[in-house]
Amino acid sequence: MTVQMLRTGNASVKGSPVWLWLDPTTRCNLACRLCYTKASHGKDDMQPEDLRTMLTDLDRSTSVSVQSIHLNWRGEPLMNPRFNELLQVTADVMPQAKLQWHTNGTMLTDKRIREILAVKFPHKIFVSLDGGNRFSHDLNRGEGNFEKALLGLERLLDQAQERPDLTIGVYQIDLGEPLEEYDPRFLKLLQRVGHYEKVKPLLPGGAEQAIADVDDLQSQGTLDKMLSEEVLPYLPVPQLPCFWAGHVFCVAPTGDVSICVISHGASGVVGNLLHDGVDRVLAGALAFRCRLADHGRSAISHCATCRKPAGRIFPQHLKPARVAA
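We now turn to the structure provided with this report.

Conventions adopted
- Residues numbered from 1 in each chain as written.
- Predicted model: local features only at pLDDT ≥ 70, side-chain atom pairs only at ≥ 80, totals over all residues.
- Heavy atoms only, no water.
- Core = buried A, V, L, I, M, F, W, Y, C linked by side-chain atoms within 4.5 Å.
- Buried < 20%, exposed > 50% of the residue type's maximum accessible area, 1.4 Å probe, protein only.
- Contact = heavy atoms within 4.5 Å.
- Helix = DSSP H or I, 4+ residues; strand = E, 2+ residues; numbered from the N terminus.
- Polar contact = N/O pair within 3.5 Å; in protein donor to acceptor, adjacent residues only side chain to side chain.
- Pairing = 2+ DSSP bridges.
- Right-handed = clockwise from strand over helix to strand, strands pointing away.
- Axes fitted to C-alpha atoms, helices over the stretch in contact; angles between N-to-C directions.

### Some thoughts on the nonpolar core
Among the nonpolar cores identified, the biggest contains 75 residues, and Leu-20, Leu-55, Leu-58, Leu-129, Leu-153 and Phe-249 are the most heavily contacted of them. With residues near it in sequence (within four places) discarded, Leu-129 still touches His-137, Phe-146, Ala-149, Leu-150, Leu-153, Val-170, Tyr-171, Gln-172, Ile-173 and Phe-186.

Okay, here's the thing in structure tokens:
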């Protein structure tokens, strides 16, 4: 018998690699123009008991190997009043997990930060800040939210000084602004964070970096152009599967698992962790990827117009090995 294994560094682990995106809530307190999940925002909150059930099943499974956990997907995590309990459940069930979560920063009050810091679990917390100054950030996220996000980040950095096991970071959408136009207070905060990531926005249809830079951000029409479908005809649709398909479980509060972070609607659901079990969900996800690999995206309605780049079945740091048993 031949067993499929994955080798990461010097260790070999059984199971298919899975990156978890857990949705604490489908609610959000902002209406960002560049948000790629707003089409599926709703009113559902994940319950700690349900999270415990799902993580326990995943942890016990020999079919999957959880690579990392994002405790966010569609909504603003802190809209769930029990978010700190979700953190504690993750710490209890998967204490060795590589965990991170992202927040828009506007709900980082002193009370919420104390609740978060009370959970003794090493992980990364990212505050999302766009563009680099008040105008660009608020153009996307709404008037007054740059100041709220900076204040939340400051509070978090101040209170987390006694928690060296936590990494506080900034996740910035790059809108092409020159560094000299960045807000000085923002730059000072960047010097204090432990991780700084700057990315191009994810545009309609899964397009990435469709527009290299923004020449005239002062124009209200600039973001409209970035969000316009007119940029898509110039970008070919890859026919091979993207990295996400089959490797990512995007888990809703109901337990439904979507195939990709930009999936909206039932056509992208490959199973339910609360009702179907891990093996059946994994089988659905891998079958979805096989259909893409065998027939191309044009044959799968859910992916037919998606421009997300094709990805390797195994990332560079995970190399497949065939082991005789």
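### A closer look at helix α4 (residues 134–141)
One full turn of an α-helix is made of 3.6 residues, so residues set three or four places apart face in the same direction. Counted residue by residue, α4 has six buried out of eight residues, so it is predominantly covered. Every buried residue of α4 is accounted for by Ser-136, His-137, Asp-138, Leu-139, Asn-140 and Arg-141. Its side-chain oxygen placed 3.2 Å from the backbone nitrogen of Phe-135, Asn-133 serves as the N-cap of α4. Of the residues trailing α4, Gly-142 is marked for its positive phi of about 105°.

### Side note on the pairing of strand β8 (residues 195–199)
Direction of pairing for strand β7 (residues 167–173) relative to β8: parallel, over a ladder of five bridges. Paired with Gln-172 across the strands is Lys-198, a residue of β8. Crossover handedness for the path β7 to helix α6 (residues 184–190) to β8: right-handed.

### Notes on the sheet that holds strand β11 (residues 269–272)
Sheet architecture is open: nine strands sit in the order β8-β7-β6-β5-β4-β3-β9-β10-β11, paired in mixed fashion. Each edge of the sheet is formed by a strand with only one pairing partner; in this case those strands are β8 and β11. For this sheet the average axis-to-axis angle between neighbouring strands, irrespective of direction, equals 30°. Relative to strand β6 (residues 124–130), strand β5 (residues 99–103) runs parallel, the two sharing four bridges. Opposite Gln-100, over in β6, you have Lys-124 as the bridge partner. Lying over the sheet, helix α1 (residues 48–60) contacts β3 (16–22), β4 (64–70) and β9 (248–251), oriented at roughly 170° with respect to β3.

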